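# A look at the structure
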Amino acid sequence: MNSRIVLNVDIKEKGAPLGDLFGIFFEDLNHAADGGLYAELVQNRSFEFDPIDNANYHSLTSWEKVERGVGKAKIHVEESNPLNERNPHYLVIDVIEPGDGVGIMNLGFNTGLPLTRGENYKFSCYARKDTDFDESVKISLESTDGGIYADAIVSVTSDQWTKYEVTLTADANDYSGRLVITTKSKGKLYLDMVSLFPEKTFKNRTNGMREDISKLLADMKPKFMRFPGGCLVHDGSLDPDARDSMYRWKNTIGDIEQRPARRSNWGYNQTLGLGYYEYFLLCEDIGAKPLPVLPAGYDPHHQRMVPINELQPWIDDAFDLIEFARGNVSTIWGAKRAELGHPEPFGLEYIGVGNEEVGEPFFERYAYFHKAIKERYLDINIINSSGPFAAGGEYERGWKSAKENKSDLVDEHYYQTPEWFLANYHRYDNFKADEPKVFLGEYATWGNTYYNALVEAAFMTGLEKNVHAVGLACYAPMLCNVDYVNWKPDMIWFNNHEVYASANYYVQKLFMNHQGDNQIKIQVSGLEKPQKQKIASITGVISVAANQISAEFSEIKLKNNDTGEEIPYDDAFFSVEAGISRISETDWENYTLSLKAKKLSGKRGFIIYFGEEDQDNRANVNSRNSCLTQSLFAVDTDREYKLKLEVCGRHIRTFIDGEIINETEDKLPVIEPLYYSASTENSTGDVIIKVVNVQEKPVTAQLVLEGTDSDVLTGTIFEMSGYNLCDENSFEAPKLVVPRQKDFSVNVKDFSYEFPKQSITIFRLF
Ligand code: AHR
């Protein structure tokens with residue numbers, strides 16, 4: 001039988017500041033920038049698309065030739081007389097027979113260019129002509145079958161590159177529009193940087209952002225924005241002038257026609273039209289502190305690294321960026337910022353060095369960055385990295401480096417099952433306050449259902465309670481164009497004209513809108529103890545596999561560590577060609593598997609599956625998995641390794657040649673009776689109480705507010721409840737899962753509330 005549950009909040013007992021806890025992460029993947037937030041409607045505007053970006057790309061990707069009536073033209077791309085060196089390719093329209101007009105059309109992103117009746121569109125391009133070319137050029141917005149929504153005439157008068165601009169007003173709605181450029185002249189017309197922007201961008205910025213997506217970002221009220229990636233930051237060549245260079249911020253500022261096209265490691269092209277100046281402006285426009293991430297001259301994906309004695313230019317990039325963000329206009333980079341239109345500093349408190357790094361070469365280089373930046377800018381918070389997983393060798397290496405260098409924060413990343421998040425709710429409880437703080441720079445449960453959002457909300461109360469250890473946190477990834485998916489789940493989904501926010505978004509928004517400035521004391525009594533599940537051991541099928549290699553396995557033994565019983569595997573020796581072989585099935589609670597393994601050829605290594613219940617879902621539960629721990633190990637060919645796996649209950653240890661490689665606990669999820677946190681907001685004096693009930697039953701609690709003289713409590717309740725756990729927002733039902741809001745006024749002494757089953761409730765008390 002339940003005892004009475006009391007949530008006791010003492011508003012006079014102010015705790016730790018919450019600082020900039022909840023923010024966002026803009027990562028350019030899933031076409032988040034070009035074809036996403038960046039409002040440019042033309043795809044491949046400067047004819048720079050290249051197979052380096054994507055094997056299917058070429059310089060005319062997203063362009064089609066137009067020949068009307070008996071018109072005939074040749075179109076091709078040249079580079080002998082370019083607009084500038086950084087923009088080497090341009091289009092040539094070689095008119096053979098003008099007919100009713102010949103030229104080119106752009107197909108835009110997704111289904112085409114999204115056009116809205118009555119809206120203005122700003123066209124611009126660079127053009128030049130040869131002497132035979134003596135007619136005007138028609139710019140039109142059209143339907144796929146040639147219906148005209150808007151048109152204008154441009155006279156190209158010079159044989160030198162000249163910028164031409166015109167505004168077009170669409171007279172219909174069409175999300176599959178085309179931008180068409182035709183002429184009835186003879187001769188040759190040369191075009192480059194062909195651009196079309198909606199006049200309405202977020203905050204009416206030139207070269208601006210899509211209004212609908214930006215508005216969703218601003219509505220969250222994020223405290224900070226991490227950008228521009230992700231793997232995008234450090235995957236690439238070391239040469240800033242190489243087409244596939246790492247993300248180098250200096251390439252991304254200034255006139256857009258001077259910004260070089262770059263390969264994105266996510267398999268597309270970056271125009272860099274959304275560059276560092278625009279990122280800073282966006283941060284300002286949505287009220288978020290900028291948190292740029294710089295590469296450290298090391299690419300962990302391809303093991304490219306700048307020699308230590310050549311690191312200075314990379315460190316200078318960090319210095320210059322800090323100056324660009326906050327130097328006064330008498331400094332070189334402060335003046336550059338002013339020249340771009342922003343004499344006032346943007347401000348900068350945080351800088352990330354590296355993203356999700358693995359390998360000693362990064363940490364060797366990090367130390368140089370850290371020392372140099374701190375010597376010059378003591379107040380900048382420098383963020384180190386702890387790799388892509390929640391635990392293991394690289395994670396520990398990152399934390400060791402952070403402690404040795406006294407990094408301000410360490411960037412942790414994990415994408416896991418909801419069950420992992422529930423099992424790890426107390427992850428940060430015992431982290432120390434005097435060590436580097438956690439920057440949870442990427443995290444998400446696998447999915448966009450209400451259940452995912454609910455579990456993330458529960459976990460976030462844990463982050464809020466642990467601000468002694470957690471400084472910053474942001475969900476990832478944030479944006480995804482539905483037709484160019486690199487990674488899912490994502491927080492916000494869009495096509496070329498619509499956008500919807502996931503259930504996860506609404507949780508993030510609630511926590512950001514109602515973060516508060518300081519913790520206040522909240523104590524709960526009368527709760528049942530979290531239900532401990534019976535510790536089920538990890539039993540089931542055991543198999544070994546050759547992961548994209550050919551391998552030999554021998555001397556395979558399974559031993560019961562409680563009884564000493566041993567099961568030798570029948571085939572003392574066998575080979576596997578990129579496949580899997582079942583060894584045994586066990587119900588023992590405490591066992592050791594030992595074997596010898598040799599790689600004969602191939603790139604990867606060996607896998608041992610254990611605790612397997614479902615062969616179709618190997619290594620996954622309900623198609624999702626969590627990485628409990630991870631350590632790097634490179635397997636040599638033709639060398640024999642002694643492998644050992646020890647499983648005792650939920651405790652797992654792995655050894656290679658007698659040396660321990662991993663040790664972890666596969667914790668079972670525990671559902672706490674309630675998840676809760678409380679804070680106050682300085683500007684309003686409001687008290688904020690967050691309560692998440694993950695259980696399948698409602699929980700009624702008495703809410704007691706200490707430290708107030710008033711008899712009546714008034715405020716607003718924001719609640720998410722009543723959804724099926726599998727409910728998901730979509731274009732068809734964008735508001736299926738959203739918070740509801742109601743005002744309330746109650747007697748302080750008698751405030752009992754029923755938290756519905758599987759609900760998220762936020763009280764904002766005035
Ligand atoms: O957010 C998706 C990717 O996940 C990021 O690029 C990378 O940092 C992580 O592996």
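Residues numbered from 1 in each chain as written. Predicted model: local features only at pLDDT ≥ 70, side-chain atom pairs only at ≥ 80, totals over all residues. Heavy atoms only, no water.

What follows covers the packing of helix 1 (residues 211-220) against helix 10 (residues 503-513). At their nearest, the axes of helix 1 and helix 10 sit 8 Å apart, and the two run at 45° to each other. Looking at the two axes, helix 1 sits oblique to helix 10. Two secondary-structure elements touch here, helix 1 through Leu216, Asp219 and Met220 and helix 10 through Tyr505, Gln508, Lys509, Met512 and Asn513. Residues of the contact of helix 1 with helix 10, tallied by class, amount to four nonpolar, two polar and two charged. (Axes fitted to C-alpha atoms, helices over the stretch in contact; angles between N-to-C directions. Helix = DSSP H or I, 4+ residues; strand = E, 2+ residues; numbered from the N terminus. Parallel < 35°, antiparallel > 145°, perpendicular 65-115°, else oblique. Contact = heavy atoms within 4.5 Å. Nonpolar A, V, L, I, M, F, W, Y, C, P; charged D, E, K, R; others polar.)

This part is about the packing of helix 4 (residues 312-326) against helix 5 (residues 332-340). Two numbers describe how helix 4 lies on helix 5: the axes approach to 7 Å, and their chain directions differ by 50°. In terms of orientation, helix 4 and helix 5 fall into the oblique class. Between helix 4 and helix 5 the crossing geometry is right-handed. The segment helix 4 lies against helix 5, with Asp320, Glu323, Phe324, Ala325 and Arg326 engaging Ile332, Trp333, Gly334, Lys336, Arg337 and Leu340. Split by residue class, the contact of helix 4 with helix 5 holds five nonpolar, one polar and five charged. (Left-handed = near helix turned anticlockwise from the far one by under 90°.)

Of the strand pairs in this sheet, strand 34 (residues 590-602) and strand 36 (residues 640-648) are connected by nine bridges, and their pairing is antiparallel. For Asn590, the partnering residue across the bridge sits in strand 36 and is Cys648. Both strand 36 and strand 37 (residues 651-656) contribute to a ladder of six bridges, which runs antiparallel. Bridge pairing links Leu643 to Ile656 in strand 37. (Pairing = 2+ DSSP bridges.)

What follows deals with the nonpolar core. Phe26, Met225, Tyr276, Leu463 and Leu479 are the most contacted members of the largest nonpolar core, which has 137 residues in total. When residues of this core are assigned to their parent elements, the largest contribution, ten residues, is made by helix 9 (residues 450-465). Excluding its chain neighbours within four sequence positions, the residues that come into contact with Leu479 are Phe26, Leu29, Asn30, Ala32, Leu37, Ile213, Leu217, Asp490, Ile492 and Phe494. Of all hydrophobic cores here, the second largest spans 38 residues; its members include Leu60, Ile93, Cys125 and Ala172. (Core = buried A, V, L, I, M, F, W, Y, C linked by side-chain atoms within 4.5 Å. Buried < 20%, exposed > 50% of the residue type's maximum accessible area, 1.4 Å probe, protein only.)

Before going further, it helps to spend a moment on the environment of Glu278. One can find Glu278 in helix 3 (residues 276-286). With 240 residues separating them along the chain, Glu278 and Tyr38 place their C-alpha atoms 9.4 Å apart. Those residues in contact with Glu278 that sit more than four places away from it in its chain are Asn207, Met209, Thr252, Arg259 and Gly273. At 2.8 Å, the side chain of Glu278 forms a polar contact with the backbone nitrogen of Gly275. (Polar contact = N/O pair within 3.5 Å; in protein donor to acceptor, adjacent residues only side chain to side chain.)

This part takes up the domain arrangement of the protein chain. If you check the domain split of the protein chain, you get domain 1 (6-16 + 671-765), domain 2 (19-32 + 205-515), domain 3 (63-200) and domain 4 (540-665). Using only C-alpha atoms to locate each centre, domain 2 and domain 4 end up separated by 36 Å. Every contact between the two is made by 15 residues of domain 2 and, on the other side, nine residues of domain 4. Summing both partners gives a buried area of about 1,000 Å² for domain 2 against domain 4, and 51% of it is carried by carbon and sulfur. Between the two partners, domain 2 and domain 4, sit zero salt bridges. Breaking the side of domain 2 that touches domain 4 down by element, the ones donating at least two residues are helix 7 (393-405), strand 22 (409-416), helix 8 (418-423) and helix 9. Of the residues that constitute the side of domain 2 that touches domain 4, the class distribution is eight nonpolar, six polar and one charged. (Domains from an automatic or database assignment. Buried area = accessible area lost by both parts, 1.4 Å probe. Salt bridge = Lys/Arg side-chain N within 4 Å of Asp/Glu carboxyl O.)

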